[in-house]
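Summary of structural features
Residues per chain, in single letters:
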Amino acid sequence: MNKKKTVFWISMTMAVVVLAGCSKTSGGEGEKAGAGVSAISTQPVTLTAAIDGINVDDRLRELIIQQLQQKHPNITLQIFSPVKGTTLNELIVAGETPDIIFTFNGNLLSYRDRDLLYDMSPMLKTHNVDLNKFDAGIIRDIRIASAKDEIYALPFSLNFHALYYNKDLFDKFGVPYPQDGMNWDQTLDLAKRVTRNEGGTQYRGLDTGNGVLWIAQPLSAAAVDPLTEKASVNTEDWKKVFNLVKSIYSIPGNDRKADAFLKDKTLAMQLQLNMLISLEKATSEGLNWDIAQYPSYPERPNTYGNASVQALAVTKSSKYKEQAMQVISMVTSDEFQLASSKKGWMPAVKNPDIQKAFGTDVPYLNGKKLASIFKSKPVPYPVSSQYRAKAESILQNQFTQFLNNASDVNTALAKAEEEINKMIAENGK
């Protein structure tokens, strides 16, 4: 495989010269946990890292370049981009399992089952990492793969749900902007007021992103119960979700359309995960947007769906666990978290000053109501069934039947329940 095109070298120009040829030749683990950071070898060492399931943009990579050279100039880090030939799975098959994985908490359980993960708990003391600097909910979500309270990864950023809106469309129709703290009924009412056809152009009020699946998450509604491996969709919560999403897409003229928010600028409100990076180009092309708190259910105020915790894990096979932990400790430090927060990476730490700095070094985010993002908390990340993806596909298909009036909500959910259980039985065989 041609790694030259897919490797991001974490090193400054001078370091490349100094460390040339200093591959994994010295500085192995060798020290006892608790000996202190100063006892870790400072001999030159090259570590490798894979990206799996998340995006690590150039701004974050450049920041790691700068701070790694300042803090640990003996460490060179190669980050393999997740493209053909250098995905995590391909690196493992090639016998090149990386020292570090950039990933999200939803992947950790599969890594544990593949014997990739290493319990970092002993090294937390060695590297003076205080878990109390993270929100308790984030650590809870990181421990999703832990059988005995192990720490298999440390969080460095978060994903989030938010409501993005086109200010020009609200101004055009004389309708007040979305406000923080809205419930679903208020959001639906606002969508109706800005869905209209003017001058032959159809303007849409609201897009839900990933439809019923995201709207169900704040209620902790799952398609399959992971404890029983049985369908769990024929419930009052799923009925509420089906009816809500249908009411949104039954607004005359509010049919789903790709590119309506970012490109066509004909969508007033977009419910989505973190799309701030995508908004840079759209802003330069004239999109006048802002952001508001994600809508809530009355029984679950200030709560949005599953928030992927972006995390760094030391692999079990690494010969340089202490040095890998030095990298991870640096990326999760307050100093780095402040710098990355300023560049638009949502911080993993709960320090309010670091949260207030979010996006302040990104010109196109200046003046945006980014504080709205922090007013909601994610629902606890679920332990999912192995049949989740297939079950959700069945559920989506039945929702489409319901949306198109081919069935009522009770029939759609009953059929989904039957099909999911049949699928599980067949896969079980």
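See above for the structure.
What you see is a predicted model; the values in this text were computed from it and never measured. (Residues numbered from 1 in each chain as written. Predicted model: local features only at pLDDT ≥ 70, side-chain atom pairs only at ≥ 80, totals over all residues. Heavy atoms only, no water.)

**What to know about the overall build of the protein**
Across its full length, the protein holds 16 helices and 15 strands. Taken over the C-alpha trace, the protein has a radius of gyration of 24 Å; the compact-globule value for 429 residues is 22 Å, and the two agree within 12%. Dimensions of the protein, computed from C-alpha atoms along their principal axes, come out at roughly 65 × 55 × 40 Å. In the protein, the share of contacts with a sequence separation of at least 24, taken over all contacts with a separation of at least 6, comes to 76%. Summed over its atoms, the accessible surface of the protein is roughly 19100 Å², and 49% of this surface lies on carbon and sulfur atoms. The protein carries 48 positive and 46 negative side-chain charges, and their two centres are separated by 2 Å. (Helix = DSSP H or I, 4+ residues; strand = E, 2+ residues; numbered from the N terminus. Rg over C-alpha atoms; globule rule 2.2 N^0.38 Å. Contact = heavy atoms within 4.5 Å. Areas by Shrake-Rupley, 256 points an atom, 1.4 Å probe, with all protein chains shown as cover. Lys, Arg positive; Asp, Glu negative; His and termini not counted. Charge placed at Lys NZ, Arg CZ, Asp CG, Glu CD.)

**Observations concerning the sheet that holds strand S12 (residues 289-292)**
The sheet built from 5 strands is open, its strands ordered S7-S8-S11-S6-S12 with mixed pairing. Each edge of the sheet is formed by a strand with only one pairing partner; in this case those strands are strand S7 (196-198) and S12. Between one strand axis and the next, the sheet turns by 25° as a mean value, whatever way the strands run. In the sheet, S7 pairs with strand S8 (residues 201-207) via 3 bridges, with the strands oriented antiparallel. Following the sheet pairing, Asn197 is matched in S8 by Gln202. Packing against the sheet, helix H8 (residues 184-193) makes contact with strand S6 (162-166), S7, S8 and strand S11 (267-272), and its axis sits at approximately 150° to S11. (Pairing = 2+ DSSP bridges. Axes fitted to C-alpha atoms, helices over the stretch in contact; angles between N-to-C directions.)

**Structural notes on the pairing of S12**
A two-sided burial pattern is seen for S12, the buried positions comprising Trp289 and Ile291 on one face and Asp290 and Ala292 on the other. Bridge analysis of S6 against S12 gives 4 bridges, and the strand direction is antiparallel. Residue pairing in the sheet places Leu163 in a bridge with Ala292 of S12. (Buried < 20%, exposed > 50% of the residue type's maximum accessible area, 1.4 Å probe, protein only.)

**A word on the packing of aromatic side chains**
A complete count under the given rule lists 14 aromatic pairs for this structure. Ring geometry for Tyr164 and Trp289: centres 6.5 Å apart, planes at 50°, overall tilted. Taken together, the residues Tyr164 in strand S6 and Trp289 in strand S12 connect sequence positions 125 residues apart. When sorted by exposure, Tyr164 lands in the same class as Trp289, which is buried. Geometrically, the ring pair formed by Trp238 and Phe242 is edge-to-face, given 6.4 Å between the ring centres and 90° between the ring planes. With Trp238 and Phe242 both in helix H10 (residues 236-249) and 4 residues apart, this pair spans about one turn of that helix. With a relative accessible area of 2%, Trp238 lands in the buried category. Three or more aromatic residues joined by ring pairs form one cluster here, namely Trp238, Phe242, Phe399 and Phe402. Residue placement shows Lys368 over the ring face of Trp289; its charged tip is 4.6 Å from the ring centre. (Phe/Tyr/Trp six-rings, centres within 6.5 Å; stacked < 30°, edge-to-face > 60°. Lys NZ or Arg CZ within 6 Å of the ring centre and 35° of its normal.)

**A word on H10**
Taking 1.5 Å per residue as the helical rise, H10 with its 14 residues ought to reach 20 Å, and the 20 Å between its terminal C-alpha atoms agrees with that figure. For H10, the full list of buried residues reads Trp238, Val241, Phe242, Leu244, Val245, Lys246, Ile248 and Tyr249. (Expected span 1.5 Å × (residues − 1).)

**Quick notes on the pairing of strand S5 (residues 154-158)**
Along S5, 5 of the 5 residues are buried, which leaves the element largely enclosed by surrounding structure. Sheet topology places S5 next to strand S14 (residues 309-314); 4 bridges connect them, and they run antiparallel. Paired with Leu158 across the two strands is Val309, which belongs to S14.

In short, geometric facts, not functional conclusions.
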